[in-house]
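Okay, here's what each chain looks like letter by letter:
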Amino acid sequence: MGELEDAVMTRVWQWNRPVTVREVLEDLQQERSIAYTTVMTVMDNLHQKGWVRREVEGRAYRYTAVSTRAAYSAALMNEAWAQSDNPAAALVAFFGMMSPEQRESLNDAIRIVQRDNPLPATPREGEGDEGTPRP
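Rules behind the numbers
Residues numbered from 1 in each chain as written. Predicted model: local features only at pLDDT ≥ 70, side-chain atom pairs only at ≥ 80, totals over all residues. Heavy atoms only, no water. UniProt positions renumbered as here; feature names shortened; annotations may be inferred. Phe/Tyr/Trp six-rings, centres within 6.5 Å; stacked < 30°, edge-to-face > 60°. Helix = DSSP H or I, 4+ residues; strand = E, 2+ residues; numbered from the N terminus. Lys NZ or Arg CZ within 6 Å of the ring centre and 35° of its normal. Axes fitted to C-alpha atoms, helices over the stretch in contact; angles between N-to-C directions. Parallel < 35°, antiparallel > 145°, perpendicular 65-115°, else oblique. Contact = heavy atoms within 4.5 Å. Nonpolar A, V, L, I, M, F, W, Y, C, P; charged D, E, K, R; others polar. Pairing = 2+ DSSP bridges. Left-handed = near helix turned anticlockwise from the far one by under 90°. Salt bridge = Lys/Arg side-chain N within 4 Å of Asp/Glu carboxyl O. Buried < 20%, exposed > 50% of the residue type's maximum accessible area, 1.4 Å probe, protein only. Core = buried A, V, L, I, M, F, W, Y, C linked by side-chain atoms within 4.5 Å.

Where an unreviewed UniProt entry is consulted, the protein chain appears under the name CopY family transcriptional repressor, with the organism given as Streptomyces vietnamensis. According to the UniProt record, the Sequence similarities (unreviewed entry) comment for the protein chain reads "Belongs to the BlaI transcriptional regulatory family."

Structural data, given as structure tokens:
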């Protein structure tokens, strides 16, 4: 996502309701000079990319986020990690950049994932698939 796309999506995610180009424009204009047609084009691009859905209301569209900011961030991290030629080293470097608070959030996330999606028990060496000794 480009800078302006991110600025638009940030508002859509924060407001968490259907929004119009005019609403986004007025909010963006508090920080920068920007044209209605520019915001309209960006929102159309976000629609084409699948980040927002839109419904006609009168003569305008109302845009709604398709997924959350967290899902977008996760997709970015997954994409970057998948492109690494050494995923383990990339994770070590990434974790090394984290603040203590971020590491605590990571630990919380791992606990939630492990609780909600426990790994199946793996047979110990010398045991069959059901954990019984092999003959």
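**Q** When you look at the packing of aromatic side chains in this model, what are you seeing that I'm missing?
**A** Each aromatic ring pair is specified by the distance between its two centres and by the angle formed by the two planes. The tally for this structure, following the rule as stated, stands at 4 aromatic pairs. Pairing Trp 51 with Tyr 72 gives two aromatic rings, centres 4.7 Å apart and planes at 85 degrees, and the pair type is edge-to-face. In this pair, Trp 51 is assigned in the loop between helix H3 (36-49) and strand E1 (52-57) and Tyr 72 in helix H4 (residues 69-82), connecting sequence segments 21 residues apart. An aromatic cluster is present here, built from Trp 13, Trp 51 and Tyr 72 joined pairwise through their rings. A cation over an aromatic ring shows up here: Arg 54 above the ring of Tyr 61, its NZ or CZ 4.2 Å from the ring centre.

**Q** Is there a simple way to explain the packing of helix H1 (residues 3-15) against H3 in this structure?
**A** In contact at an axis separation of 10 Å, H1 and H3 are set at 85 degrees when each is read in the N-to-C sense. Taken together, H1 and H3 sit at an angle that is classed as roughly perpendicular. Facing Leu 4, Glu 5, Val 8 and Met 9 of H1, the residues of H3 in contact are Thr 38, Val 42, Met 43, Asn 45, Leu 46 and Lys 49. Split by residue class, the contact of H1 with H3 holds 6 nonpolar, 2 polar and 2 charged.

**Q** Even after reading the chapter, I still don't get the pairing of E1, so can you show me in this structure?
**A** Side-chain direction in a regular strand flips from residue to residue, so the side chains alternate between the two faces of the sheet. Bridging between E1 and strand E2 (residues 60-65) involves 6 bridges; their strand directions are antiparallel. Considered in E2, the bridge of Glu 55 is made with Arg 62. The loop that links E1 with its antiparallel partner E2 comprises 2 residues; one of these, Gly 58, has a positive phi angle of about 65 degrees.

**Q** Would you mind showing me how to read the packing of H1 against helix H2 (residues 21-28) here?
**A** In a pair of packed helices, the angle between the axes and the distance between the axes together describe the arrangement. The contact between H1 and H2 brings their axes to 11 Å, and the two run at 110 degrees. The pairing of H1 with H2 is recorded here as roughly perpendicular in orientation. Viewed along their axes, H1 and H2 form a crossing whose handedness is right-handed. Mapping the contact onto sequence places Leu 4, Ala 7, Val 8, Arg 11 and Trp 15 in H1 and Glu 23, Val 24, Asp 27 and Leu 28 in H2. Of the residues that constitute the contact of H1 with H2, the class distribution is 6 nonpolar, no polar and 3 charged.

**Q** Please explain the pattern of salt bridges as it appears in this structure.
**A** Where charged atoms of side chains with opposite charge meet at close range, the side chains can pair. Under the counting rule described, the total for this entry stands at 12 salt bridges. Across the pair Arg 11 and Glu 31 runs a salt bridge whose closest N-O atoms are separated by 2.8 Å. Remark: Glu 31 occurs in the loop between H2 and H3 and Arg 11 occurs in helix H1; sequence separation between them is 20 residues. Overall, Arg 11 belongs to the buried group, its relative accessible area being 7%. Residue Glu 31 is classed as exposed on the basis of its relative accessible area of 56%. A salt bridge links Arg 54 to Asp 44, with the shortest nitrogen-to-oxygen separation between them at 2.7 Å.

**Q** Sorry if this is basic, but what is going on with the nonpolar core here?
**A** Soluble globular proteins: nonpolar side chains tend toward being buried together. Membership of the largest hydrophobic core comes to 20 residues, with the highest contact counts inside it found for Val 8, Val 24, Leu 28, Val 39 and Met 43. The element that contributes the greatest number of residues to this core is H1, accounting for 6 residues. Among all residues touching Met 43, those that are not within four sequence positions of it are Val 8, Val 19, Val 21, Val 24, Val 52 and Tyr 63.

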